[in-house]
Amino acid sequence: MVAFDRPHGMHPPQAQWELPFFDDAHRALAPALADWTAAQQVDERDDRAACKDWVARLGAGGWLRYCVPAAHGGALARLDSRALVILRETLAFHSPLADFAFAMQGLGSGAITLAGSPAQQAAYLPDVAAGRKIAAFALSEPDAGSDVAAMTTFASRGAQGWRLSGSKTWISNGDLADFYVVFAKTDPQAGSRGISAFIVDAGRRGLDSSEHIHVMAPHPLATLRLQDCALQEEALLGPLHGGFKLAMQTLDIFRASVAAAALGMARRAFAEAVAHARHRRMFGQSLADFQLTQARLGEMSALIDAAALLTYRAAWQRDCSGTGGAGTAAYTAAAASAKLTATENAQRVIDMALQMFGGRGVQVGNKIESLYRDIRSLRIYEGASEVQLLILGKHALK
Ligand code: COS
């Protein structure tokens with residue numbers, strides 16, 4: 001296993017930022033981040049230690065400020081989807097774990113940005129922006145993944161506040177986070193209209209996060225067990241029974257950015273494939289001289305372009321579109337299209353790149369080999385491809 005995930009002199013492409021979806025402030029962001037990442041040396045052999053390290057560095061570098069609004073220590077007045085897309089694409093090109101560390105600060109705190117009380121926002125968001133607090137989003141359960149409304153974690157209200165019982169699983173940053181945004185049923189008979197969100201600090205009595213989950217592309221994951229976990233009244237986040245919509249709105253913000261992460265990984269695989277094709281000799285010529293190789297690179301390039309345009313459109317639509325922007329069904333569909341296409345296309349691009357590398361492509365320690373493992377979960381988390389198809393199908397029928 002390689003000790004350091006260094007880009008070996010590879011710099012992410014910049015021409016895409018000239019597209020009219022972006023403005024000059026966006027265009028300045030990408031090269032500055034690319035230079036910054038190239039100077040970072042993070043030992044990624046231990047995913048938990050590496051993730052902590054990345055959060056601290058991203059905080060110190062000022063990059064996490066794009067995860068929260070300016071009123072609470074953020075860089076911009078509100079969460080800017082195009083900045084998130086640029087940051088995630090660039091980080092994922094360099095290191096999928098760096099991208100993960102960045103993204104989870106946003107996803108884990110997104111519901112607080114959207115619906116937190118002034119006290120909740122002041123207590124958490126500045127620390128998230130500075131990398132002093134690690135955030136997590138706890139929605140999935142063993143029997144409620146895509147079907148969010150089937151969750152059984154229950155929150156009961158008493159004279160002293162709330163008591164939460166149940167289990168959450170596949171929780172990114174589980175056992176690493178300083179706080180979790182936990183979704184629980186507050187009216188079990190009301191389906192998606194009976195869910196509420198809570199902020200649960202790590203170390204709280206009744207919260208056990210010690211069961212780690214190990215996956216093919218290491219990143220910190222755990223199951224949370226809540227047993228009569230007592231919370232103060234003020235731990236309720238957003239409106240009572242408004243948790244399902246809050247979860248969907250939070251996911252909506254970050255779905256276009258998951259697409260961007262997939263795009264960054266696909267662009268890296270493509271850059272590796274082009275470099276390899278130029279240098280690899282066989283049958284008296286370079287791999288790049290074969291028309292078969294040229295056709296394959298052409299296919300990869302078109303898949304990347306298609307993903308990029310849908311991703312940037314979704315981000316632009318959320319930031320700028322008056323009629324189809326944030327909170328509209330049109331935007332939800334645009335984000336679903338982007339996530340579906342970018343993650344599926346990236347899987348194909350990385351697979352094609354691996355094929356071009358031959359045996360080296362499956363050798364542990366090769367960048368393509370790790371990308372092949374890294375990309376797989378993006379087609380599942382934050383709404384599996386099938387969920388995106390469902391969202392698009394429902395939208396078409398409306
Ligand atoms: N923004 C705001 N409100 C939304 C919304 C969105 N993006 N999506 C749905 N809603 C609202 C609907 O308008 C509806 O409101 P009313 O009760 O007022 O009518 C309510 O939420 C229920 O919507 P719907 O009937 O579409 O919900 P379903 O239970 O059919 O679920 C899917 C829809 C499958 C799309 C949803 O459960 C989902 O996204 N699942 C995947 C979850 C996920 O990403 N899990 C990964 C966890 S993080 S790694």
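Residues numbered from 1 in each chain as written. Predicted model: local features only at pLDDT ≥ 70, side-chain atom pairs only at ≥ 80, totals over all residues. Heavy atoms only, no water.

Trainee: Let's hear about helix α5 (residues 118–130): which residues, and what values?
Mentor: The end-to-end C-alpha distance of α5 is 18 Å, a good match for the 18 Å that 13 residues give at a rise of 1.5 Å each. Its maximal kink placed at Y124, α5 deviates by approximately 25°, while the proline P126 follows within four residues. What α5 keeps buried is the set Q120, Q121, Y124, L125, D127, V128 and A129. Following α5 by one or two positions, G131 adopts a phi angle in the positive range, close to 80°. (Helix = DSSP H or I, 4+ residues; strand = E, 2+ residues; numbered from the N terminus. Expected span 1.5 Å × (residues − 1). Bend = angle between axes of the 7 residues up to and from the residue. Buried < 20%, exposed > 50% of the residue type's maximum accessible area, 1.4 Å probe, protein only.)

Trainee: Now, about the nonpolar core: what can you tell me, with residues and values included?
Mentor: Judged by nonpolar contacts, the single largest core of 118 residues is most densely connected at L58, F102, L164, F183 and F198. Take this core: its biggest share by element is 18 residues, from helix α6 (residues 243–279). (Core = buried A, V, L, I, M, F, W, Y, C linked by side-chain atoms within 4.5 Å.)

Trainee: Which residues make up the site of the ligand, and what are the values?
Mentor: Neighbouring the ligand are 21 residues, the closest being S146, R193, D252, G383 and K394. Between the ligand and the protein, one listed contact pairs a nitrogen atom with a side-chain N or O atom of D252 at 2.9 Å. Protein burial of the ligand: of its 1,000 Å² of free accessible surface, 70% is covered by the chains. Going through the elements one at a time, α6 and α10 (385–397) are the ones with two or more residues in the shell around the ligand. Of all the elements, α6 adds the most residues to the shell around the ligand, at seven residues. Tallied by class, the residues present in the shell around the ligand amount to eight nonpolar, seven polar and six charged. (Near = heavy atom within 4 Å. Polar contact = N/O pair within 3.5 Å; in protein donor to acceptor, adjacent residues only side chain to side chain. Areas by Shrake-Rupley, 256 points an atom, 1.4 Å probe, with all protein chains shown as cover. Nonpolar A, V, L, I, M, F, W, Y, C, P; charged D, E, K, R; others polar.)

Trainee: Kindly report on α10, identifying the contributing residues and their values.
Mentor: The terminal C-alpha atoms of α10 lie 18 Å apart, and with 13 residues this matches the ideal 18 Å at 1.5 Å per residue to within 8%. Three or more residues of α10 are buried, namely S385, V387, Q388 and I391. End-on view of α10: buried residues confined to an arc of 165°, all on one side of the axis. Away from the buried face of α10 by more than 90 degrees, exposed residues E386, L390, K394, A396 and L397 are located. Tucked inside the fold, the buried residues of α10 contact α6 and α8 (329–357). (Arc of directions from axis to C-beta. Contact = heavy atoms within 4.5 Å.)

Trainee: Explain the domain arrangement of the protein chain to me, using residue names and the numbers behind them.
Mentor: Domain annotation for the protein chain reports domain 1 (15–133), domain 2 (136–241) and domain 3 (251–397). Summarising the inter-unit geometry, the C-alpha centres of domain 2 and domain 3 are found 31 Å apart. On the domain 3 side, the residues contacting the six residues of domain 2 number five residues. When domain 2 packs against domain 3, close to 480 Å² is buried across both sides, 72% of that on carbon and sulfur atoms. When residues of domain 2 are sorted by the area they lose upon contact with domain 3, S146, M216 and A217 head the list and together hold 71% of the total. Where domain 2 touches domain 3, the interface holds zero salt bridges. For the interface between domain 2 and domain 3, the tally reads one residue pair in polar contact (both at pLDDT 80 or more). (Domains from an automatic or database assignment. Buried area = accessible area lost by both parts, 1.4 Å probe. Salt bridge = Lys/Arg side-chain N within 4 Å of Asp/Glu carboxyl O.)

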